[in-house]
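Notes for the structure review
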Amino acid sequence: MKITAAEQTQARELAFLINLAGEGIPEYLWSALAEAGESPLDVGARRAAREEGGFSYHNARVCLDDSGELMGMVIAYRQPDPYDLDALSEYPDIVRPLVQLEAEAPGSWYINAIATDARFRGQGVATALMKDTEGSAREAGCRQMSLIVASQNRGARRLYEQLGYRGTHARPVVPYPGSPHGGDWVLMLKPL
Ligand SMILES: CC(C)(COP(=O)(O)OP(=O)(O)OC[C@H]1O[C@@H](n2cnc3c(N)ncnc32)[C@H](O)[C@@H]1OP(=O)(O)O)[C@@H](O)C(=O)NCCC(=O)NCCS
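As the structure is a computational prediction, the values presented were derived from the model and not from experiment.

Our focus in this paragraph is the pattern of salt bridges. Tallying each qualifying case throughout the model produces 7 salt bridges. The partner of Asp 42 in a salt bridge is Arg 12, and the shortest N-O contact between them spans 3.0 Å. Remark: Arg 12 occurs in helix H1 (residues 11-21) and Asp 42 occurs in helix H3 (residues 40-48); sequence separation between them is 30 residues. What makes Asp 42 partly exposed here is its relative accessible area of 24%. For Glu 69, the salt bridge is made with Arg 119, and the minimal N-O distance between the two is 3.3 Å. You can see Glu 69 sitting in the loop between strand S2 (60-64) and strand S3 (70-78) and its partner Arg 119 sitting in the loop between strand S4 (109-116) and helix H5 (125-139), a full 50 residues away along the chain.

What follows is the structure, encoded as structure tokens:
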């Protein structure tokens, strides 16, 4: 397998994986943005294909198998420093705890989304993508990694703990339609 920069043509696959990583929050938000005849995934694909924005394909790295099939992806970028919370009240209430946690790690390299297609799990894809994005962080001169995980997402937490990430802050999940669990959102950090 190989890890490389994502291409715009992969926007739909990226959107599908972004929604898995975001525990259904993206699909819920995209459904509110859908125009006539558009599915939530159509909206996600449209947004992933944009040149700007956190979920742009520009911020994505993909893991491909030997035949070019997309096995998994990571979306990561540097957080602003200082992190401005002035617009917090304008975010949907389900997103607000995530924004507040992001603000605890200004200037860090933030892993916004990581997911492996279900067919390729347990083969080290996510581990390889995490190491790849840590390399990008170092190249960008970042000294800290950050990510947010649901406290009840045990598989993902185990992955991050194995790689040296530690929980530092937590905020309760605000329930949303289709939310798989309650519990907390947990900010995990790792010094580089
Ligand atoms: C979490 C996820 C990204 C892991 O991807 P993966 O490519 O299967 O991960 P890896 O093969 O690199 O596994 C690395 C380690 O993660 C842990 N892990 C991954 N999935 C696990 C699971 N379901 N249960 C327990 N541990 C798990 C294990 O410790 C594993 O190491 P091991 O195999 O030596 O025990 C994948 O399950 C996924 O896409 N889940 C849905 C989206 C998601 O939850 N993303 C994270 C949101 S914060």
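What surrounds the ligand is a group of 21 residues, the closest being Thr 116, Gly 122, Gly 124, Thr 127 and Asn 153. In the environment of the ligand, an oxygen atom lies 2.8 Å from a nitrogen or oxygen atom belonging to the backbone of Gly 122. In the model, an oxygen atom of the ligand is placed 2.6 Å from a nitrogen or oxygen of the Thr 127 side chain. Here the ligand loses 71% of its free accessible area of 910 Å² to cover by the protein chains. Elements represented by at least two residues in the shell around the ligand include exactly H1, S4, H5, strand S5 (144-150) and helix H6 (154-162). Take the shell around the ligand: its biggest share by element is 6 residues, from H6. Residues of the shell around the ligand, tallied by class, amount to 11 nonpolar, 8 polar and 2 charged.

This next bit is on the pairing of S3. Across a regular strand the side chains alternate sides, sitting on one face of the sheet and then on the other. Where burial is concerned, most of S3 is hidden: 8 out of the 9 residues are buried. Pairing between S2 and S3: 5 bridges, direction antiparallel. The residue bridging Leu 64 from the neighbouring strand is Leu 70, located in S3. In this antiparallel pair of consecutive strands, S2 and S3, the connection spans 5 residues, and Gly 68 shows a positive phi of 90 degrees. Two elements, S3 and S4, share 7 bridges in a ladder whose sense is antiparallel.

Turning to the side chain of His 181, a few remarks are in order. Locating His 181 in the fold gives a position in the loop between strand S6 (166-172) and strand S7 (184-191). A polar contact is formed between the side chain of His 181 and the side chain of Glu 23, at a distance of 2.8 Å. Contacts of His 181, omitting those with residues within four sequence positions, involve Glu 23, Ala 150, Gln 152 and Val 173.

Further remarks concern the nonpolar core. Counting 37 residues, the largest nonpolar core has Leu 14, Val 62, Met 73, Ile 75, Ile 148 and Trp 185 as the members making the most contacts within it. Here this core gets 5 residues from one element, more than from any other, and that element is H1. Beyond its immediate chain neighbours, meaning those up to four positions away, Val 62 contacts Lys 2, Ile 3, Thr 4, Ala 5, Ala 6, Gln 10, Leu 14, Leu 70, Gly 72, Met 73 and Leu 129.

S4 sits mainly inside the fold: 7 of its 8 residues count as buried. For the crossover from S4 across H5 to S5, the handedness is right-handed.

Here we take up the UniProt feature "domain: N-acetyltransferase" (unreviewed entry) in the protein chain. UniProt records the feature "domain: N-acetyltransferase" (unreviewed entry) at residues 1-192, using the numbering of this structure. Span residues 1-192 is 31% helix and 25% strand, its end C-alpha atoms 25 Å apart.

Once that is clear, we can look at H3. Three or more residues of H3 are buried, namely Val 43, Gly 44, Ala 45 and Ala 48. Contact partners of the buried residues in H3: H1 and helix H2 (25-33).

Another aspect to go through is the side chain of Thr 116. Tracing the sequence through the fold places Thr 116 in strand S4. With near-sequence residues (within four places) excluded, Thr 116 lies in contact with Leu 17, Met 71, Gly 72, Arg 121, Val 125 and Ala 126.

For the rest of this paragraph, the subject is the sheet that holds S6. As summarised here, the arrangement of the 7 strands in space is S1-S2-S3-S4-S5-S7-S6, forming an open sheet in which the pairing is mixed. Each edge of the open sheet carries a strand with a single partner, namely strand S1 (2-5) and S6. The average undirected angle you get between the axes of adjacent strands in this sheet is 25 degrees. In this structure, S4 lies alongside S5, joined through 3 bridges in parallel fashion. Within S5, the residue paired with Ile 111 across the bridge is Leu 147. Along the sheet face, H1 touches S2, S3 and S4 and points at about 70 degrees away from the line of S3.

Cut-offs and rules
- Residues numbered from 1 in each chain as written.
- Predicted model: local features only at pLDDT ≥ 70, side-chain atom pairs only at ≥ 80, totals over all residues.
- Heavy atoms only, no water.
- Salt bridge = Lys/Arg side-chain N within 4 Å of Asp/Glu carboxyl O.
- Helix = DSSP H or I, 4+ residues; strand = E, 2+ residues; numbered from the N terminus.
- Buried < 20%, exposed > 50% of the residue type's maximum accessible area, 1.4 Å probe, protein only.
- Near = heavy atom within 4 Å.
- Polar contact = N/O pair within 3.5 Å; in protein donor to acceptor, adjacent residues only side chain to side chain.
- Areas by Shrake-Rupley, 256 points an atom, 1.4 Å probe, with all protein chains shown as cover.
- Nonpolar A, V, L, I, M, F, W, Y, C, P; charged D, E, K, R; others polar.
- Pairing = 2+ DSSP bridges.
- Contact = heavy atoms within 4.5 Å.
- Core = buried A, V, L, I, M, F, W, Y, C linked by side-chain atoms within 4.5 Å.
- Right-handed = clockwise from strand over helix to strand, strands pointing away.
- UniProt positions renumbered as here; feature names shortened; annotations may be inferred.
- Axes fitted to C-alpha atoms, helices over the stretch in contact; angles between N-to-C directions.

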